[in-house]
Amino acid sequence: MALSATHTSILHQADIAHFAEAGFDALVGTLASQLGFQADIIKTVYGHLSSYEQTVQVVESMQEAAEERAVAEILSKNEESSYEESSYEESTKEESVKEESVKEESVKEESVKEENND
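Residues numbered from 1 in each chain as written. Predicted model: local features only at pLDDT ≥ 70, side-chain atom pairs only at ≥ 80, totals over all residues. Heavy atoms only, no water.

1. Side note on the overall build of the protein chain
When helices and strands are counted, the protein chain shows four helices and zero strands. Each helix and strand of the protein chain, placed in order from N terminus to C terminus, yields the pattern α-α-α-α. Counting over 118 residues, the protein chain shows a buried share of 8%. If you take every contact in the protein chain between residues at least 6 apart in sequence, the share linking residues at least 24 apart comes to 26%. Entry remark: accessible area of the protein chain is about 9900 Å², with carbon and sulfur atoms responsible for 53%. (Helix = DSSP H or I, 4+ residues; strand = E, 2+ residues; numbered from the N terminus. Buried < 20%, exposed > 50% of the residue type's maximum accessible area, 1.4 Å probe, protein only. Contact = heavy atoms within 4.5 Å. Areas by Shrake-Rupley, 256 points an atom, 1.4 Å probe, with all protein chains shown as cover.)

Given below as structure tokens:
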């Protein structure tokens, strides 16, 4: 064997499947890290398609859809939170007004009692 032999010529036939699996696992791991999915999910998608290229396209679409959904959920939660805060502020204002009315009534009643006692 010459020193300039390519990697494929030095691989033993029995090891090709092992190296193919290791390379596949490395690609899946990289894709998982880049797009934020578990490797098992990517392997499941791959199992339903006919190529790794198709898998990349589908998983990228999944990531875009997940991001869009997250934005919609965040906006929805912020609107709910804003509504709850304004409702709380409204009820707090109403309670303050009621407390002031009660205080004013109490002061009036005390004034009337004092006038009657005099």
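2. As for the nonpolar core
One finds Val 28, Leu 31, Ala 32, Leu 35, Phe 37, Ile 42, Val 45, Val 56 and Val 59 forming the largest nonpolar core, which totals nine residues. Elements with a minimum of two residues in this core: α2 (16-35), α3 (39-48) and α4 (52-117). In terms of residues, this core owes the most to one element, α2, which gives four residues. (Core = buried A, V, L, I, M, F, W, Y, C linked by side-chain atoms within 4.5 Å.)

3. Describing a nonpolar patch on the surface
On the surface, Leu 11, Ile 16 and Phe 19 cluster together to form a nonpolar patch covering roughly 250 Å² of accessible area. By the secondary structure assignment, Phe 19 is in helix α2. Judged by relative accessible area, Phe 19 falls into the partly exposed class, the value being 45%. (Patch = residues over 30% accessible without salt bridge, like charges linked within 9 Å, V, L, I, M, F, W, Y side chains within 5 Å. Salt bridge = Lys/Arg side-chain N within 4 Å of Asp/Glu carboxyl O.)

4. What about the packing of aromatic side chains?
Aromatic ring pairs are described here by two measures, namely the spacing of the ring centres and the angle between the planes. Scanning the model with the defined rule gives one aromatic pair in all. Relative to Tyr 46, the ring of Phe 24 has its centre 4.9 Å away and its plane inclined at 50°; by these criteria the two rings are tilted. In this pair, Phe 24 sits in helix α2 while Tyr 46 sits in helix α3, placing the two residues 22 residues apart along the sequence. The class for Tyr 46 is partly exposed, based on a relative accessible area of 33%. (Phe/Tyr/Trp six-rings, centres within 6.5 Å; stacked < 30°, edge-to-face > 60°.)

5. A few points about α2
In a regular helix each residue adds 1.5 Å, so 20 residues correspond to 28 Å; α2 covers 28 Å between its end C-alpha atoms and thus fits that length. For α2, every residue scored as buried is listed here: Val 28, Leu 31, Ala 32 and Leu 35. Within α2, the buried residues cover an arc of 100° as seen down the axis, which keeps them to one side. The exposed set on the far side of α2, more than 90 degrees from its buried face, consists of His 18, Ser 33 and Gln 34. One or two steps after α2, the chain reaches Gly 36, where phi turns positive at roughly 80°. (Expected span 1.5 Å × (residues − 1). Arc of directions from axis to C-beta.)

6. Digging into the environment of Ala 39
As for its placement among the helices and strands, Ala 39 is situated in helix α3. Since its relative accessible area comes to 28%, Ala 39 is described here as partly exposed. For the pair Ala 39 and Val 28, spaced 11 residues apart in sequence, the C-alpha to C-alpha distance is 6.0 Å. Leaving out residues up to four positions away in the same chain, Ala 39 has contacts with Val 28 and Ala 32.

Structural measurements only, silent on function.
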